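Okay, here's what each chain looks like letter by letter:
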Amino acid sequence: MYGNDFGGDQHTRHEPDRPHDDRAFTALLAGEGRVEPRDDMPEGYRKTLVRQIAQHAHSEIIGMQPEGNWISRAPSLRRKAILMAKVQDEAGHGLYLYAAAETLGVDRADLVDQLHSGRQKYSSIFNYPTLTWADVGAIGWLVDGAAITNQVPLCRCSYGPYARAMVRVCKEESFHQRQGFEILYTLSHGTPSQKAMAQDAVNRYWWPSLMMFGPPDDDSPNSAQSMAWGIKRFSNDELRQRFVDMTVPQAQALGLTLPDPDLRWNDERGGYDYGEIDFTELFEVIRGNGPCNTERMAHKRAAHQAGAWARDAAEAYAEKHARRTESVA
Ligand code: FAQ
């Protein structure tokens, strides 16, 4: 049996020799059923999930770098301990996500190779530098805030292993967002220069955080199909709007401003209007031309190479155990 949380009996097991049965698959999605690893699924659905989950996993791993940069310079032991825990959480998220991708028949080592050779992407946001301690607060508040807004609906993604990984990831991201808010609140209520540092970090991270949601809906080639398949539940612009509406009152509570003169409440729409986003910047960063792309990838490749001995040791240990189990059997 390969049951799931939602009516496992609707499932059609994938038999290698049997052609894909689109009607059964469509009926499963229409009934809000979850697709599980060994179920029959269209090849495009599988590829889309591998693309998105791998990009998501890579983002969590590369995302350790901007904040990791401040672990040794955190302003107190308490801040250092919290930041170390947060960065470790991001590593854990990367691992859940690689494991979720592997349920689709791909190999983690291969996904990592694709990242290293530039064939797979990671989130644009991690190509911006962390210049001051306040940037750690801005990442927690804005970047984790944007990540949660995007990921809470992914807890209802049609693919079971991804949806389930997201439940735990979102719980941890909520803690991350609160710690970022608390860093900025402390700075904003500190000395004038601390408040200026917090404001400067928010000024630099606001627009890149809005870009995390991806291109606008009319320029988002993957959205329509991903939404039809129940992978994405809301469009890029819908989630961006949700994030803006959630964040504006939080900025007021922080005593900080958001760097957008066009930001104002629209009574008719029941949401905040905001200024034009410079999407050419997003596309440039995605193409590899952001402020830190080269540095991030160089560091990632070097860390991977430096860790080769640990992977070899783990493999040798696993082989030794497999041999021992075999000889006992
Ligand atoms: N950066 O057609 P769409 C985090 C690409 S985790 C780079 O709209 P889609 C936690 C997109 O891949 C942050 N590339 O694509 C944390 C596609 O290219 P492709 C990551 C981007 O997939 C916090 C092309 O543009 N979160 O922050 C970006 O339907 C703090 C066309 O775009 C996820 O990955 C971008 N911003 O929608 C860690 C969440 N936007 O692949 C450490 C899951 C778009 O066709 C510290 N992913 N592209 O060659 C998603 O929800 C979606 O994949 C989107 C993009 C919304 C990112």
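Conventions adopted
Residues numbered from 1 in each chain as written. Predicted model: local features only at pLDDT ≥ 70, side-chain atom pairs only at ≥ 80, totals over all residues. Heavy atoms only, no water. Phe/Tyr/Trp six-rings, centres within 6.5 Å; stacked < 30°, edge-to-face > 60°. Helix = DSSP H or I, 4+ residues; strand = E, 2+ residues; numbered from the N terminus. Buried < 20%, exposed > 50% of the residue type's maximum accessible area, 1.4 Å probe, protein only. Lys NZ or Arg CZ within 6 Å of the ring centre and 35° of its normal. Polar contact = N/O pair within 3.5 Å; in protein donor to acceptor, adjacent residues only side chain to side chain. Near = heavy atom within 4 Å. Areas by Shrake-Rupley, 256 points an atom, 1.4 Å probe, with all protein chains shown as cover. Nonpolar A, V, L, I, M, F, W, Y, C, P; charged D, E, K, R; others polar. Core = buried A, V, L, I, M, F, W, Y, C linked by side-chain atoms within 4.5 Å. Contact = heavy atoms within 4.5 Å. Axes fitted to C-alpha atoms, helices over the stretch in contact; angles between N-to-C directions. Left-handed = near helix turned anticlockwise from the far one by under 90°. pLDDT = per-residue confidence, 0-100.

A. Highlighting the packing of aromatic side chains. One pass over the structure, following the stated rule, counts 7 aromatic pairs. Relative to Tyr 185, the ring of Phe 181 lies with its centre 6.3 Å away and its plane at 25°, an arrangement referred to as stacked. Of the two residues, Phe 181 and Tyr 185 both sit in helix H7 (residues 160–188), 4 residues apart, roughly one turn of that helix. On the basis of relative accessible area, Tyr 185 is assigned to the partly exposed category, the value being 38%. Over the ring of Trp 70 we find Arg 73; its NZ or CZ atom is 3.9 Å from the centre of that ring. When the ring centre of Phe 234 is taken as reference, the NZ or CZ atom of Arg 242 above it lies at 4.2 Å.

B. Quick peek at the side chain of Arg 34. Locating Arg 34 in the fold gives a position in the loop between helix H1 (22–30) and helix H2 (43–62). Among the polar contacts made by the side chain of Arg 34, one reaches the main-chain carbonyl oxygen of Cys 155 at a distance of 3.0 Å. A polar contact of 3.4 Å, which involves the side chain of Arg 34, links it to the backbone oxygen of Cys 157.

C. Region of the structure containing the site of the ligand. Not every one of the 35 residues close to the ligand is listed here, only the nearest: Gln 55, Lys 121, Ser 220, Lys 232 and Asn 236. In this structure, Lys 232 approaches the ligand through a side-chain N or O atom, which is 2.6 Å from an oxygen atom. For the ligand, an oxygen atom lies 2.8 Å from a polar atom in the side chain of Asn 236. Isolated, the ligand exposes 1,100 Å² of accessible area, and the fraction of that covered by the protein chains is 92%. Of all the secondary-structure elements, those providing two or more residues to the shell around the ligand are H2, helix H4 (77–102), helix H6 (133–151), H7 and helix H11 (279–289). In terms of residues, the shell around the ligand owes the most to one element, H2, which gives 6 residues. Among the residues making up the shell around the ligand, the classes are represented as 13 nonpolar, 13 polar and 9 charged.

D. Layout of the nonpolar core. Grouped together as the largest cluster of nonpolar side chains are 46 residues, with contacts concentrated most on Trp 133, Trp 141, Leu 184, Tyr 205, Trp 206 and Leu 258. Taken together, the elements giving at least two residues each to this core come down to H4, H6, H7, helix H8 (192–211), helix H10 (236–254) and H11. Examining the composition of this core, we find that 9 residues originate from one element, H6, more than from any other. Excluding anything up to four places from it in sequence, Tyr 205 contacts Ile 125, Tyr 128, Pro 129, Thr 130, Asp 135, Ala 138, Ile 139, Leu 142 and Val 143. By size, the runner-up hydrophobic cluster in this structure holds 30 residues, among which are Ile 53, Ala 57, Cys 155 and Cys 157.

E. Structural detail: the packing of H6 against H7. The N-to-C vectors of H6 and H7 enclose an angle of 145°; their axes lie 7 Å apart at closest approach. Crossing of H6 against H7: the hand is left-handed. Taken together, the residues of the contact of H6 with H7 sort by class into 14 nonpolar, 9 polar and 2 charged.

F. Structural detail: the confidence of the model for the protein chain. Of all residues in the protein chain, 95% attain a pLDDT of 70 or more, and the chain-wide mean is 94. Throughout residues 1–9 the model reports pLDDT below 50, and contacts reaching past four residues in sequence, or to other chains, amount to 16 contacts.

G. Fine view of the environment of Asp 39. Relative to the helices and strands, Asp 39 resides in the loop between H1 and H2. What makes Asp 39 buried here is its relative accessible area of 3%.

H. The arrangement of helix H5 (residues 108–116) in detail. The set of residues buried in H5 consists of Leu 111, Val 112, Gln 114, Leu 115 and His 116. On the buried face of H5, the contacting elements are H2, H4 and helix H12 (293–306). Just downstream of H5, Gly 118 is the residue with a positive phi angle, here 80°.

I. Highlighting the environment of Ala 138. Relative to the helices and strands, Ala 138 is located in helix H6. Exposure remark for Ala 138: the relative accessible area of 0% places this residue in the buried category. The spatial distance from the C-alpha of Ala 138 to the C-alpha of Leu 254 is 12 Å, given a sequence separation of 116 residues.

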